Amino acid sequence: MDLRHSPEDEKFRDELRVWLEREVPAHGETPPIDDWDARRVYDTSWQKKLFDVGYAGINWPKEYGGGDLSLPQQLIYYEETARAQAPYVGVNFVGMLHGGPTLIAEGTDAQKEAHIPRILRGDEIWCQGFSEPGAGSDLASLRTTAIRDGDDYVVNGHKIWTSFAQVADYCELLVRTDPDTPKHGGISWLILPMDAAGLEIRPLPTLQGESDFSEVFLTDVRIPVSNLVGAENDGWRVTNVTLRFERGTAFASEMINLQQFVAALVEVAKLPAPGGPAWDDMETRRALGHASAELDALWAMLKLSIAEAIETGVPGLGGSAVKLYYSELCQRICEFGMELLGRASLSRGDVGGRPSQKVLSKAFQSLSLTIAAGTSQIQRNIIGERILGLPKEVRR
Amino acid sequence: MDFRLSEDQVALQNGIRSFCEGRVPFEALADLEQKGAFDPGLWRELAEMGVFGLRLPEAEGGVGLGYADAVIVFAELGRRLVPGPLVWSHLAAGLVDGAVSGGAVVGGIDSITDPPGSGPIVVEHLEHLDVLLVLREDGVFRLDPRSLDAEALPEPLDPLTPVHHVRELPDGERIGDAALSATLWQGGAVLTAALCLGICEATLETANDYAMKREQFGRPIGGFQAMKHLLSDMFVRQEVARASAYAAGATLDHPEAGDPARAAATAKLLAGQNAVRNARGSIQVYGGMGYTWEMPPHWYWKRAWVHSQVFGRAAAHEEILAASLG
């Protein structure tokens, strides 16, 4: 148990910091949330810059163009990019964190060749077509069908909560290829080109008022059989490969962002107020001190869970505890931030020198964290059943 | 950077765990309660295991290990509710002759947390002590516990932590400066956090076992989602305690790897609160049986509270953390 960084890791940090200090300001302002064309350009051109200097795909194998960094260097990468307020993975999220890693693990040589380098360079955007109106937490009950017709599958169905559908080039699509085998048995994982005929994308405004995700309607969409990833009807296992990649360090940079958010709240607390700044009040200092302790513990928990996953070779489960704790902590911190704003929290834009925009957008986002990537209730079931070994729920 | 336990640390953990399981089972604690909460034989055996001299250099008769190792050991002691002034005697190694061998049982008063005049001076284990240390803002002081004007309190919160009310606290002999006092206080916070980690683990483990065996409505209560989620929250609290206590140990060993003051405050704050909460959770899982004297959960809740009252309460650590923010 030794938390010191090696001289090589410190050198990696120094070089990365110098590069970020130059490149982040040069990359310009984040585009408005509803300007999808600008967002695509902003996020993908940053991805290209990362690729050109070897910082793209830090946990991807070298043979596929990834950085294949050691775990300490990955953590340094997250610390430094967050500290420098570098652009987030953004529209590259699904390709970089789901689709790409899944293709590396399960794709054919032709599929890897066609997609991996393009994802890594920011040339190709992916979205996720997993959830359906009737298949949320119970994902395996999905009903979108794919019927084999010659060299194609003919797909009909309805996907929902599809992030980045408006700008995506491809979709990781879960379909039912065997209607007679219930649940997990009859599912397949397909690569859907988003320009296929029969696709309708309908933006679904979130509670933020913008359309980060969409509904996707599929009517007789033809997808070549060569786009099948893994074996037919083996999609559930492939999906779990995907989800395994999502856990672990997927939330690392957001955790560091939250530390910066708490530092920003300290500044809000120090603003002048008639009875003296909120910071003079012990309750306020204690709440912020407590929040910062929890964030330090969370970061230590992430390190410990990843280190032990390497040890035992069973990744994922510890990630449920990290995700559960992080998402609920983020909500508590955001609500405290809104409390600090007082009546300025009634405006989504800054008012009277109070950073309403920053606090409220974080607070909105925090509400999704306990739902997306497995609700807190599902995470508690996973911890209870798969870590603590408690009797399983009755499932149908 | 490697957060994993080394092979030596795993061996250390297994060694102390099997010692405690064999020597301090729950029945032994119940027995000790009848015999005045202190077992001189056990104390000597703990000394022989190296519990007190763990961090003292080998040249000075210690084991020569660090805080990370001590955290692992104290988590095991906490898990089994091993009674006695463990943290004080450990901190006294190298400072008080006989502390390492167990020949001198050393206890203490934390006047940094509770300065004189802030309330009654209540001291743990006084009747069994050979030496009493006092940590003050201005230094470390040594007193003869037998010379104090003190009375035993007949109803201690924790049946295995007897307490005295000290009416008058003399200055005693100054044996260390303010810096040493602050260092010992920080170390005490981390070791107490480790004891709390052990409580987080033990309460989850026993409650989980109980939830698998206890049947209602024709099935084990652990199969009900309400119970499963309660236990899952206890698991998260255990992991928070573990990560923060381990990080604090490693950071005290190598201050350049982080911020020791923040790491110690985080560990004491979170492991401390989580121990009380997990103990409460285990009482809830045991239900009516959890409210009985014969079942273990209340012992953990009471000991966890004892730990919360020394080396900084939650509020003090939150203020330390807030001060580091701005």
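Residues numbered from 1 in each chain as written. Chains lettered and ligands numbered in written order. Predicted model: local features only at pLDDT ≥ 70, side-chain atom pairs only at ≥ 80, totals over all residues.

1. Considerations on the overall build of chain A
In terms of regular secondary structure, chain A is built from 11 helices and eight strands. Its C-alpha atoms give chain A a radius of gyration of 22 Å, near enough to 21 Å, the size a compact globule of 396 residues would have. With respect to the principal axes defined by its C-alpha atoms, chain A has extents near 75 × 50 × 45 Å. Looking at the 396 residues of chain A, the share that counts as buried comes to 44%. In chain A, of all internal contacts separated by at least 6 residues, the share reaching a separation of at least 24 is 68%. (Helix = DSSP H or I, 4+ residues; strand = E, 2+ residues; numbered from the N terminus. Rg over C-alpha atoms; globule rule 2.2 N^0.38 Å. Buried ≥ 20, exposed ≤ 12 C-beta atoms within 10 Å, placed from the backbone. Contact = placed C-beta atoms within 7 Å.)

2. Concerning the overall build of chain B
When helices and strands are counted, chain B shows 10 helices and nine strands. For 326 residues, the compact-globule formula gives about 20 Å, and the C-alpha radius of gyration of chain B, at 19 Å, lands near that figure. Its C-alpha atoms give chain B principal-axis dimensions of about 65 × 50 × 40 Å. The buried share of chain B, taken over its 326 residues, is 54%. Here the analysis covers contacts within chain B between residues at least 6 apart in sequence; of these, 72% occur between residues at least 24 apart.

3. What to know about the packing of helix α1 (residues 7-23) of chain B against helix α4 (residues 67-79) of chain B
All names here are of chain B. It is the contact of α1 with α4, at a shortest axis distance of 9 Å, that shows an interaxial angle of 25°. When the axis of α1 is compared with that of α4, the two are roughly parallel. At the point where α1 passes α4, the crossing takes the right-handed sense. Taking contact as the criterion, the partners of Gln 9, Leu 12, Gln 13, Ile 16, Arg 17 and Cys 20 in α1 are, on α4, Asp 69, Ile 72, Val 73, Glu 76 and Leu 77. The residue inventory of the contact of α1 with α4, partitioned by class, reads six nonpolar, two polar and three charged. (Axes fitted to C-alpha atoms, helices over the stretch in contact; angles between N-to-C directions. Parallel < 35°, antiparallel > 145°, perpendicular 65-115°, else oblique. Left-handed = near helix turned anticlockwise from the far one by under 90°. Nonpolar A, V, L, I, M, F, W, Y, C, P; charged D, E, K, R; others polar.)

4. So, the domain arrangement of chain A
All names here are of chain A. You can read the domains of chain A as domain 1 (7-88), domain 2 (126-230) and domain 3 (247-387). On a C-alpha basis, the centres of domain 1 and domain 3 stand 23 Å from each other. Every contact between the two is made by nine residues of domain 1 and, on the other side, nine residues of domain 3. Across the side of domain 1 that touches domain 3, the residue classes break down as five nonpolar, three polar and one charged. (Domains from an automatic or database assignment.)

5. With respect to the sheet that holds strand β7 (residues 173-176) of chain B
Residues and elements named next belong to chain B. Spatially, four strands are ordered β1-β3-β4-β7 in an open sheet, and the strand pairing comes out mixed. The sheet is open, and its two borders are formed by β1 (106-110) and β7, each paired with just one other strand. When the angles between neighbouring strand axes are averaged without regard to direction, this sheet yields 35°. Here five bridges tie β1 to strand β3 (residues 131-136), and the two strands are oriented parallel to one another. If you follow Gly 107 over to β3, its bridge partner there is Leu 132. Where helix α6 (residues 178-213) meets the sheet, its contacts fall on β3, β4 (139-143) and β7, and the angle it forms with β4 comes to roughly 80°. (Pairing = 2+ DSSP bridges.)

6. Looking at the interface of chain B and chain A
Opposite the 47 residues of chain B that make contact, chain A presents 39 residues. Counting only elements with at least two residues in the side of chain B that touches chain A, the list comes to α6, β9 (219-220), α7 (225-253), α8 (260-286) and α10 (314-325) of chain B. Partitioning the side of chain B that touches chain A into residue classes produces 23 nonpolar, 14 polar and 10 charged.

7. A closer look at the nonpolar core
For soluble globular proteins, the rule of thumb is that nonpolar side chains tend to be buried together. Membership of the largest hydrophobic core comes to 209 residues, with the highest contact counts inside it found for Val 71, Val 190 and Ala 245 of chain B. Once residues within four sequence positions are removed from consideration, Val 71 of chain B is found in contact with Val 190, Ala 194, Ala 245, Tyr 246 and Gly 249 of chain B. (Core = buried A, V, L, I, M, F, W, Y, C linked by C-beta atoms within 7 Å.)

8. Brief notes about the environment of Tyr 300 of chain B
All names here are of chain B. In this fold, Tyr 300 is placed in helix α9 (residues 297-308). For the pair Tyr 300 and Arg 80, spaced 220 residues apart in sequence, the C-alpha to C-alpha distance is 9.3 Å. Look past the residues within four positions of Tyr 300 in its chain and what remains in contact with it is Leu 81, Ile 199, Ala 202, Thr 203, Ala 279 and Ser 282.

9. So, the sheet that holds strand β5 (residues 149-152) of chain B
All names here are of chain B. Here three strands make up an open sheet; going across it, the order is β2-β6-β5 and the pairing antiparallel. Pairing within the sheet leaves two strands with one partner each, and these edge strands are β2 (121-124) and β5. Neighbour-to-neighbour, the strand axes of this sheet turn through a mean angle of 35°, independent of strand direction. Inspection of the sheet shows β2 paired to strand β6 (residues 163-168) by four bridges, in the antiparallel sense. Among the inter-strand pairings, Val 123 is bridged to a residue of β6, identified as His 164.

10. What about helix α10 (residues 356-369) of chain A?
With 14 residues, α10 of chain A ought to run about 20 Å at 1.5 Å a step, and its terminal C-alpha atoms sit 20 Å apart, in line with that. Looking at the packing, one finds that the buried side of α10 of chain A touches α7 (252-269) and α9 (317-341) of chain A. (Expected span 1.5 Å × (residues − 1).)

11. Quick look at the environment of Ala 257 of chain B
Mapped onto the elements, Ala 257 of chain B comes out in the loop between α7 and α8. Judged by local crowding, Ala 257 of chain B falls into the partly exposed class, with 17 C-beta atoms found within 10 Å. The sequence separation of Ala 257 of chain B and Ala 247 of chain B amounts to 10 residues, and the corresponding C-alpha distance is 9.7 Å. Discounting chain neighbours no more than four positions away, the residues touching Ala 257 of chain B are Leu 3 and Arg 4 of chain A together with Ala 250 and Thr 251 of chain B.

12. Focus: the packing of α7 of chain A against α9 of chain A
Angle between the axes and distance between the axes: these two values describe a pair of packed helices. Residue and element names in this part refer to chain A. Running from N to C, α7 and α9 point in directions that differ by 20°, and their axes come no closer than 10 Å. Relative to α9, the element α7 is oriented roughly parallel. The chirality of how α7 crosses α9 is left-handed. Contact residues: Met 255, Leu 258, Phe 261, Val 262, Leu 265, Val 268 and Ala 269 in α7; Tyr 326, Cys 330, Ile 333, Gly 337, Leu 340 and Leu 341 in α9.

13. Some details on the pairing of strand β1 (residues 126-129) of chain A
A regular strand places its side chains so that they alternate between the two faces of the sheet. All names here are of chain A. A two-sided burial pattern is seen for β1, the buried positions comprising Trp 126 and Gln 128 on one face and Cys 127 and Gly 129 on the other. Examined bridge by bridge, β1 and strand β4 (residues 170-176) share four bridges and lie parallel to one another. Note on β4: the bridge partner recorded for Cys 127 is Cys 171.

14. Some points on the confidence of the model for chain B
The predicted model of chain B has a mean per-residue pLDDT of 96, with 100% of residues at 70 or higher. Per the prediction output, this complex has pTM 0.95; the corresponding ipTM is 0.95. (pLDDT = per-residue confidence, 0-100.)

15. Side note on unusual backbone geometry
With glycine set apart, most residues show a phi of negative sign, and most peptide bonds adopt trans. Backbone geometry places Gln 85 of chain A, a non-glycine residue, at a positive phi of 55°. Residue class for Gln 85 of chain A comes out partly exposed when judged on the 13 C-beta atoms lying within 10 Å of it.

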